[in-house]
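# Structural overview for review
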Amino acid sequence: MDSGDEMDPTQHLEMYDSSNNDVDTEVVEFECDDFTSSQRSSEQAKLLSTSSSSHSQHHSKRWLIALTCISAIGGALFGYDTGVVSGAMILIDDKFDLDHFWHELIVSVTVAAAAVSALMSGILNDWFGRKKVMLLAATVFTVGAVVMGIAPSKEVLLVGRMIVGLGIGFASMTVPVYISETAPSNIRGRLIVVNNLFITGGQLVATVIDGLFSIDHKFAIENGWRFMLGLAGLPSVVMFVGLIFMPESPRWLVFHNKDEQARKVLAKTRQPEKIEEELTSIKKEYEQLKKEKMSVFAFISRVFHTRSIMLAIFVGCGLQVFQQISGINTIMYYSASIIQMSGYSDQQAIWFAILPAFANFSFTIVGLYFVERVGRRKLLIVSLIGVVFWFIVLSMSFLLASQNSPVAMSLYPGAKC
């Protein structure tokens, strides 16, 4: 190469810089591509995780809805019996020519039997589990419904009502416990209230069925009431079949050293990350109860000497007692008879009995809506004021009916003041 072809040093430097820049650009582009790929993989992993979590939530939600609705049919059975007997008894009175004693005996024997079986439910739940007791309740109720539907006499009808009462007692004590022990703590209260909704819904359905089977008065007296009472066996059969596929309470399983089965149940009703946490919590509770194991009398003594527990029991039991002694069950059991006393015909009284059942059901939904928004205490106070006011109105209407209603005076000759 001659001197004329020699390259200027500055040109060498420019070429070196240009070469360096190309390498740097390639490195940066490679790093960017690597970062983008890593970011894409991370986003895909997040999407997969979100999708898996969403699928798990959907799966557990379906299980919770299924077990809540199927077990809450036990509440519907109680509601159906409460509602159906109101209209059916008007027809049964005519069929078997019942006096007041037999009328009241047939209605009230169910409640008495339910009280007995409710007392037995605690022991049976501890021994055999919640699921088996609910299966027993469904079976007993179905048998009672069949007996009532085919009853040839008032004595057999009384036996059927008693059997149904036993089923109601088992279900009414077990269903809320089962729902509370299988539901997550954050939605436990709402799911338990579903049982109350099923009770009032059962009452409404029963009164509608009463009306439908009373359209033909002659048929209603002969066989209509049999369909009214016997149809109660259908939901109990549905409950029995559904419960076969439902799990046992995880708490009961842990308390009987069946941890692996409890884990499988929690896997159906909880998020994956919550399973071990809740299982550990139940185990700790169980171990604590074993350490503090005491006799029934010692437990009761401890309750009565713990102010906070006593206050909670007083408020909770007091509300339950007030609910019962307020007479709402009497109104529901005898609503058609009460309306009949006002001068309406049998068929009209049966159809008008739908109104209190509809109001009861509707305001249960209203209560569900407001309980989280207004608060339990305010809602309770407002409800109690309404109850007191309308009971005063109802008692005054009873007084006026006893003095002025021709039907009431013919039914109760000594009622006129």
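Residues numbered from 1 in each chain as written. Predicted model: local features only at pLDDT ≥ 70, side-chain atom pairs only at ≥ 80, totals over all residues. Heavy atoms only, no water.

### A look at the overall build of the chain
From N to C terminus, the chain includes 18 helices and 0 strands. Taking as baseline every contact in the chain between residues at least 6 positions apart, the subset at least 24 positions apart corresponds to 76%. Here the chain displays about 24,300 Å² of accessible surface, and carbon together with sulfur accounts for 66% of that area. (Helix = DSSP H or I, 4+ residues; strand = E, 2+ residues; numbered from the N terminus. Contact = heavy atoms within 4.5 Å. Areas by Shrake-Rupley, 256 points an atom, 1.4 Å probe, with all protein chains shown as cover.)

### A closer look at the packing of aromatic side chains
Enumeration over the complete set of coordinates arrives at 7 aromatic pairs. A ring pair is formed by Phe96 and Trp225, whose centres lie 5.6 Å apart and whose planes are at 70 degrees; its orientation type is edge-to-face. Here Phe96, found in helix α1 (residues 9–96), pairs with Trp225, found in helix α6 (residues 217–230); they are 129 residues apart in sequence, far enough to count as distant. Residue Phe96 is classed as buried on the basis of its relative accessible area, which comes to 16%. Pairing Trp127 with Phe128 gives two aromatic rings, centres 6.3 Å apart and planes at 85 degrees, and the pair type is edge-to-face. For Trp127, a relative accessible area of 60% translates into the label exposed. Aromatic rings pair up to connect Phe213, Phe219 and Phe227 into one cluster. Over the ring of Tyr369 we find Arg373; its NZ or CZ atom is 3.9 Å from the centre of that ring. (Phe/Tyr/Trp six-rings, centres within 6.5 Å; stacked < 30°, edge-to-face > 60°. Buried < 20%, exposed > 50% of the residue type's maximum accessible area, 1.4 Å probe, protein only. Lys NZ or Arg CZ within 6 Å of the ring centre and 35° of its normal.)

### Concerning helix α9 (residues 259–269)
Taken as a whole, α9 has its buried residues at Ala262, Val265, Leu266 and Thr269. Along the long axis of α9, the arc covered by the buried residues comes to 100 degrees, so they all point the same way. (Arc of directions from axis to C-beta.)

### Re the pattern of salt bridges
In this structure the tally under the stated criterion is 10 salt bridges. Where Glu181 meets Arg251, a salt bridge forms, and the shortest distance between an N and an O atom there is 3.4 Å. In this pair, Glu181 is assigned in helix α4 (residues 154–182) and Arg251 in helix α8 (residues 250–255), connecting sequence segments 70 residues apart. On the basis of relative accessibility, which here comes to 12%, the residue Glu181 falls in the buried class. Residues Glu285 and Arg251 are paired through a salt bridge, measuring 2.6 Å at the closest nitrogen-oxygen approach. (Salt bridge = Lys/Arg side-chain N within 4 Å of Asp/Glu carboxyl O.)

### What about the packing of helix α2 (residues 100–128) against α4?
For any two helices packed against each other, one specifies the inter-axial angle together with the distance between the axes. Between α2 and α4, the shortest axis-to-axis distance is 6 Å and the interhelical angle comes to 35 degrees. Of the two possible hands of crossing, α2 and α4 adopt the one that is right-handed. (Axes fitted to C-alpha atoms, helices over the stretch in contact; angles between N-to-C directions. Left-handed = near helix turned anticlockwise from the far one by under 90°.)

### Details of the nonpolar core
Ranked by internal contacts, the top residues of the largest apolar core, which has 62 residues, are Ile92, Leu157, Trp225 and Leu229. The greatest single-element share of this core, amounting to 15 residues, is contributed by α1. With near-sequence residues (within four places) excluded, Ile92 lies in contact with Asp97, Leu98, Leu157, Trp225 and Leu229. Leu253, Phe255, Ile275 and Ile282 belong to the second largest nonpolar core, which has 11 residues in total. (Core = buried A, V, L, I, M, F, W, Y, C linked by side-chain atoms within 4.5 Å.)

### Some remarks on unusual backbone geometry
The phi angle at Asp97 is positive, at roughly 50 degrees, despite the residue not being glycine. Locating Asp97 in the fold gives a position in the loop between α1 and α2. Among the residues examined, Asp97 registers a relative accessible area of 64% and is labelled exposed. Non-glycine residue Asn257 carries a positive phi angle of around 60 degrees. Inspection of the secondary structure assignment puts Asn257 in the loop between α8 and α9. With a relative accessible area of 60%, Asn257 lands in the exposed category.

### Examining the side chain of Asp210
Structurally, the position occupied by Asp210 is in helix α5 (residues 188–212). Although Asp210 is buried, it forms no salt bridge, and the closest oppositely charged side chain is Arg161 at an N-O distance of 10.0 Å. Among residues more than four places away in sequence, those in contact with Asp210 are Gly83, Val84, Gly87, Ala88, Met228 and Ile350. (Lys, Arg positive; Asp, Glu negative; His and termini not counted.)

### Quick notes on the environment of Ser108
Within the secondary structure, Ser108 sits in helix α2. A relative accessible area of 38% means that Ser108 is categorised as partly exposed. For Ser108 and Thr330, which are 222 residues apart along the polypeptide, the C-alpha to C-alpha distance reads 9.6 Å. Engagement of the side chain of Ser108 in a polar contact is seen with the backbone oxygen of Glu104, the distance being 2.7 Å. (Polar contact = N/O pair within 3.5 Å; in protein donor to acceptor, adjacent residues only side chain to side chain.)

### Thoughts on a negative patch on the surface
Among the surface-exposed residues, Asp94, Asp97, Asp99 and Glu104 lie close enough to one another that they form a single negatively charged patch. Relative to the helices and strands, Asp94 is located in helix α1. The exposure class assigned to Asp94 is partly exposed, which follows from its relative accessible area of 40%. (Patch = residues over 30% accessible without salt bridge, like charges linked within 9 Å, V, L, I, M, F, W, Y side chains within 5 Å. Charge placed at Lys NZ, Arg CZ, Asp CG, Glu CD.)

### A word on the confidence of the model for the chain
Taken over all residues, the pLDDT of the chain has a mean of 81, while the share at 70 or more is 81%. Here helix α18 (residues 406–411) stands out as the least confident element of the chain, with mean pLDDT 55; helix α3 (residues 130–150) is the most confident, with 96. Here residues 23–32 is modelled with pLDDT under 50, and outside its nearest four sequence neighbours on either side it reaches 0 contacts, counting other chains as well. Confidence drops under a pLDDT of 50 for residues 45–53, and excluding neighbours within four residues, the segment shows 1 contact in the predicted structure. (pLDDT = per-residue confidence, 0-100.)

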